[in-house]
Amino acid sequence: MAEDRRAAWGYQAHQDEVGKLPTPFPRTMGPNALKYVQEVVESGLASDMFGRFERAFAEAYGVKHCIATPGCTPALATLAAAFDFEPGDEIIVSPITDYGTVQGLVAEDYIPVFPDTAPGTVNISAATIEPLITDRTRAILCVHKTGIPCDMDPINDLAAQHGLIVYEDACQAVFGEYKGRLCGTLGHAAGFSFDSEKTMGSDVGGCVITEDDDLAERIRFIGQSRGARQREGFGRLHTEPGYAYRMPHCTAAICLAQLEIIQDQVAHRDRMVRLLSELVGQIDGVTPLPIPDFCTVYSAWMFGMSIDPAQFTCSADEFGAQLAEAGIPGASTARYYLMPEACTFLQRRAQEGRYPYSMPPAAREYSYDERTCPTAHEFLDTWIRWSTFCEKYTEEHCELAASIVREVADRNRR
Ligand SMILES: Cc1ncc(COP(=O)(O)O)c(C=O)c1O
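Just so we're clear, the structure is a prediction, and the values are computed from it rather than from any experiment.

Our next topic: unusual backbone geometry. Residue Phe-25 is joined to Pro-26 through a cis peptide bond whose omega torsion reads -5 degrees. Summarising the element assignment, Pro-26 is placed in the loop between helix H1 (11-14) and helix H2 (33-42). The amide bond that connects Tyr-355 to the next residue, Pro-356, takes the cis arrangement and shows omega of 5 degrees. Its location among the elements puts Pro-356 in the loop between helix H12 (344-352) and helix H13 (374-381). Residue Leu-45 is not a glycine yet carries a positive backbone phi of 65 degrees. As for its placement among the helices and strands, Leu-45 is situated in the loop between H2 and helix H3 (49-61). Of note, the phi angle at Lys-179 is positive, near 50 degrees, even though the residue is not glycine. Within the element layout of this structure, Lys-179 appears in the loop between strand E6 (177-178) and strand E7 (181-182).

Structure, rendered in structure tokens:
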């Protein structure tokens, strides 16, 4: 077995991917990016770029508050801290996601509880969440994986019945829409990522948005002011533990420039992903990720499709590798998206009964492995995606991508 390497990110993670289709890097930059960065530098760091970005993003989303962070991992970590639940409290969270969704929960000693995904999709649903609600459940954290929204109305109804907070990880669905409403405004708060690979690829930024004044103030207090209050005659008094998760002004400058072009890009992605899905859907044995009717704008960060193993002589892994070889950069299976399986430290801690899995504060026994979410596990076994799908696709690229999928499918047909 090959030696494990440290995980790569950003451009470095993609630089070896070559093929016949566009890749996100070099990113398309908003025309004002350089001008805004120059303002930051020329002002000697005395510009209000950070505040300008926050106000512009909040306005674009029609919400009261945007709190800019250096990424979504810190955004969700700050939110987890700001909610102020007790160690051992359970947070129901989408299992197919990025680790950044989970880290904040772990940092606060909450217990992540992973419902299964709804059959044929990458997302959780009210039906998969409901059986997992206990007296220790405090919140539901929904990830709109690939940019397809979770079916939020039934999830919000269910949460209301049990007095639970619903919040969103909208990293992969920036300016996507659910029934005409923006993803990120469908719960109590939402976290976003503007890391360099993301749809609004900026640098390593992120933010939280919310309508809740108290929550916004707590996020600023804990996430930016490190839990410190200014005491007259003394100075900073740390009344709570906190972070210095402030978005750098230069990142805010790039985010502001990207915000000026993102809505057109998302509209374009929506058109391209629907076309690509239609073309790929015509190939026997290959099923693109279904786009539900409630997904009124599909802000697609990646393209995904399932293959029917009964129709092909090769495995999904080989199918993905052949797609990459034939010209679709980065095409592969992605089992590592399944958090209960990927977070081996969670498995270890739960098995050893280490805090917060000791009793108390844990309410019951927990386990994390490939059996935690069998539907999601099985789905990922035959699901191939390419996260290099980007705003540069044209109709010709969609046709080319579909023709490559068809060629590989025909080559391996039983
Ligand atoms: C769904 C999801 N959540 C969280 C993150 C973490 O975001 P960041 O890299 O900005 O910390 C990502 C990034 O890939 C993501 O896709």
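Inspection of the region around the ligand gives 14 residues, with Gly-71, Cys-72, Thr-73, Gly-100 and Ser-193 positioned closest. Secondary-structure elements contributing two or more residues to the shell around the ligand are helix H4 (72-83), helix H5 (100-107) and strand E8 (189-195). Here the shell around the ligand is composed, by residue class, of 3 nonpolar, 8 polar and 3 charged.

This part is about the environment of Pro-26. Since 8 C-beta atoms lie within 10 Å of it, Pro-26 is described here as exposed. Spatially, the C-alpha atom of Pro-26 lies 21 Å from that of Ala-173, the residues being 147 residues apart in sequence.

Glancing now at the pairing of E8. Counting buried residues in E8 gives 7 out of 7 residues, a clear majority hidden from the surface. By the alternation rule, side chains of E8 split into Ala-189, Gly-191, Ser-193 and Asp-195 and Ala-190, Phe-192 and Phe-194, which are all buried. Two strands pair when backbone bridges link them, and strand E5 (residues 165-169) and E8 are joined in this way by 2 bridges, in the parallel orientation. Paired with Asp-169 across the two strands is Gly-191, which belongs to E8. In terms of strand pairing, E8 meets strand E9 (residues 204-210) through 7 bridges, oriented antiparallel. Each residue of the ladder has a partner; that of Phe-194, found in E9, is Gly-205.

Here Tyr-110 shows up in the loop between H5 and strand E3 (111-113). For Tyr-110 and Ser-403, which are 293 residues apart along the polypeptide, the C-alpha to C-alpha distance reads 47 Å. Once you skip the residues sitting within four places of it in the chain, Tyr-110 turns out to touch Ala-80, Phe-85, Asp-89, Ile-91 and Leu-105.

On to helix H14 (residues 395-411). Spanning 17 residues, H14 covers 24 Å between terminal C-alpha atoms, matching the ideal 24 Å at 1.5 Å per step. Buried within H14 are the following residues: Cys-398, Ala-401, Ala-402, Ile-404, Val-405, Val-408 and Ala-409. Take H14 and look down its axis: the buried residues cluster within an arc of 155 degrees, on one side only. Among the exposed residues of H14, those oriented more than 90 degrees off its buried face are Glu-395, Glu-396 and Asp-410.

Calculation notes
Residues numbered from 1 in each chain as written. Predicted model: local features only at pLDDT ≥ 70, side-chain atom pairs only at ≥ 80, totals over all residues. Helix = DSSP H or I, 4+ residues; strand = E, 2+ residues; numbered from the N terminus. Near = placed C-beta within 6 Å. Nonpolar A, V, L, I, M, F, W, Y, C, P; charged D, E, K, R; others polar. Buried ≥ 20, exposed ≤ 12 C-beta atoms within 10 Å, placed from the backbone. Pairing = 2+ DSSP bridges. Contact = placed C-beta atoms within 7 Å. Expected span 1.5 Å × (residues − 1). Arc of directions from axis to C-beta.

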